[in-house]
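# Observations on chain architecture
So the chains spell out like this:
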Amino acid sequence: MFFKHVYDESLAQASYLIGCQAKGEAIVIDAQRDVDVYLDIAKKNNLRITHVAETHIHADFLSGSRELAAITGATLFLSDEGGDDWQYQFDHQGLRDGDKIKVGNLTLEVLHTPGHTPESISFLLTDHPATDAPVMVFTGDFVFVGDIGRPDLLEKAAGIVGTQEKGAQQMYQSVQRFTELGDYIQVWPGHGAGSACGKALGAVPSTTVGYEKIRNWAFQFASDEKAFVDYLLDGQPEPPTYFAMMKHLNKVDRPLLLEVPKHPKLTKEQFVAAYDKGLPVIDTRNKVDFAKGFIRGSINIQNNKSFSTWMGWQLNYQEQFILIAEEEQIEDLTRKLMRIGMDNMYGYITDVGEVEMALDTADIIDRDTFKTYLNREDVQLIDVRGASEYASGHIIGAEHVFVGTLQNHLDQISREKQVVIHCQAGDRSAIAYSILRKHGFENVKNYSGGMKDWKDAGEQTVV
């Protein structure tokens, strides 16, 4: 058996290529949209991708399963579980609980494991030349390392009212079924630490059924469904706004993108013309460089592991946008964007100086200066972290406005008072600062050190 774990750090998303080397056949599970990675792996290992499968209708990334099937001619295997509202709206081979997929000398048995979504399935793999007992299970967004999938996304992100309680109850039943699997079976989940699809995902890529039964909180409620449901629904992070679009695009018959697109480098004249028309400008530079000089109205979303997630929070799928990034970073950024279906890049520039526009600077303050603004009637202190972070401990007097939804809550920010913002360690407050400046808030200061600097100094917080 050939096995390859493909991991996208930008979305903490895992996909898998599993092959039978004797027969030269392979299956890819939960493919990312830039599918050339799987084509390269298969070619280097003398394998043909004959099967493509998904564990569920994904919300956090745009699946590349259809692109991969179109390029390779592989059969597309997708869940037909979950009822009429959870059916894929394009041609595929439907799967139900107990069905089996043959890939050379390998067998993948379908387990219906609803909870995260009604149609979610897992794949239990048996490598017959080695043993007739299953050796791996691919759980998608069902069981993670140290956590399980969240059932609230359909309600919070996609607006499907009344689904989170039912989903949590279904998850409880799925967890009970999971405990019946052999302790030795390897568990390969769809996400790792950093994903918004759970609240406490582990950092290691895989686990075993036995280890999760001991360590994972979800397996400690064997006879208390209500306590399980309450714990599962409590404290989940805010789902990015783009999740609703992913749910839609992964379900419907959309246009396919069969290669990584090339975007133009804009001339000064092209940039200025687009800028004057109001196209959003995203500056992907480091927050320190951005603070030293940025184009007025641009938003600072750094090119790091969270780039695509914050792009999904801040932009919609109808408008074009411009990137500011180094030439050698454009392909990486393009891949990150296409993985969430954000294909409307108008173009890019590589240097804020080349367009010959006056640059603004950010007002960054240190902890001692920050202290001078506490307990003042003429100051509004804003904590832009997530709700659960704020609830677990914040600076006295700080109001909470989450950076992801800040553009929808600008009415909560004072235009008369001095506004001072912070987050955990400066990345999110850099986004928030640039958003506020874009919308005409000039009297803003950014305590970039944030809660990390505050706590490291032993300063007081409240719950």
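Just so you know, these numbers come straight off a predicted model, no measurement behind them.

### As for helix H14 (residues 427-438)
- Over its twelve residues, H14 extends 17 Å from the first C-alpha to the last, a length consistent with the 16 Å expected when each residue adds 1.5 Å.
- With ten of its twelve residues buried, H14 lies for the most part within the structure.
- Among the residues of H14, Arg-428, Ser-429, Ala-430, Ile-431, Ala-432, Tyr-433, Ser-434, Ile-435, Leu-436 and Arg-437 are the ones counted as buried.
- Downstream of H14 by a residue or two, Gly-440 has a phi angle that is positive, lying close to 90 degrees.

### A few points about helix H4 (residues 163-178)
- If you check H4, its first and last C-alpha atoms are 22 Å apart, about what 16 residues at 1.5 Å a residue would give, namely 22 Å.
- Restricting attention to buried positions, one finds in H4 the residues Thr-163, Gln-164, Gly-167, Ala-168, Met-171, Tyr-172, Ser-174, Val-175 and Phe-178.
- Elements in contact with the buried residues of H4: strand S10 (136-140), helix H3 (153-156), strand S11 (186-189), helix H5 (209-215) and helix H6 (225-233).

### Overview of unusual backbone geometry
- Positioned with a positive phi, Asn-46 is a non-glycine residue whose angle comes to about 55 degrees.
- Along the chain, Asn-46 turns up in the loop between helix H1 (36-44) and strand S4 (48-53).
- Owing to a relative accessible area of 69%, Asn-46 belongs among the exposed residues under this scheme.
- Of note, Glu-356 is a non-glycine position whose phi angle comes to about 55 degrees, a positive value.

### Some details on the environment of Val-379
- Mapped onto the secondary structure, Val-379 falls in strand S20 (residues 379-383).
- Residue classification places Val-379 among the buried residues on the basis of a relative accessible area of 10%.
- The spatial distance from the C-alpha of Val-379 to the C-alpha of Arg-428 is 20 Å, given a sequence separation of 49 residues.
- Leave out the neighbours within four places in its chain, and Val-379 touches Tyr-373, Lys-417, Gln-418 and Val-420.

### Observations regarding the sheet that holds strand S13 (residues 281-283)
- One open sheet holds the four strands; their spatial order is S15-S13-S16-S17, and the pairing between them is parallel. Edge positions in the open sheet fall to strand S15 (299-300) and strand S17 (345-349), since each of these has one partner strand only.
- Where S13 and S15 come together, two bridges link them in parallel fashion. Note that in S15 the partner of Ile-282 across the bridge is Ile-299.

### Here's the deal with the sheet that holds strand S3 (residues 25-29)
- Spatially, six strands are ordered S1-S2-S3-S4-S5-S6 in an open sheet, and the strand pairing comes out mixed. Edge strands, defined here as strands with exactly one partner in the open sheet, are strand S1 (2-8) and strand S6 (93-95). Going across the sheet, the axis of each strand differs from the next one's by a mean of 25 degrees, ignoring polarity.
- Across the sheet, helix H2 (residues 65-72) lies against S3, S4 and strand S5 (75-79), angled at about 150 degrees from S4, the strand it touches most.

### Points about the packing of aromatic side chains
- For the coordinates displayed, the defined rule picks out 22 aromatic pairs.
- Their ring planes at 75 degrees and their centres at 6.3 Å tell us that Phe-221 and Phe-228 sit as a pair that is edge-to-face. Across the pair, Phe-228 and Phe-221 agree in class, each one buried.
- Here the aromatic rings of Trp-310 and Phe-402 are separated by 6.1 Å at their centres, their planes lie at 50 degrees, and the arrangement is tilted. With Trp-310 in helix H10 (residues 307-314) and Phe-402 in the loop between strand S21 (399-400) and strand S22 (418-422), this pair connects stretches of sequence that are 92 residues apart. Each member of the pair, Trp-310 as well as Phe-402, is classed as buried.

What counts, and where the lines are drawn
- Residues numbered from 1 in each chain as written.
- Predicted model: local features only at pLDDT ≥ 70, side-chain atom pairs only at ≥ 80, totals over all residues.
- Heavy atoms only, no water.
- Helix = DSSP H or I, 4+ residues; strand = E, 2+ residues; numbered from the N terminus.
- Expected span 1.5 Å × (residues − 1).
- Buried < 20%, exposed > 50% of the residue type's maximum accessible area, 1.4 Å probe, protein only.
- Contact = heavy atoms within 4.5 Å.
- Pairing = 2+ DSSP bridges.
- Axes fitted to C-alpha atoms, helices over the stretch in contact; angles between N-to-C directions.
- Phe/Tyr/Trp six-rings, centres within 6.5 Å; stacked < 30°, edge-to-face > 60°.

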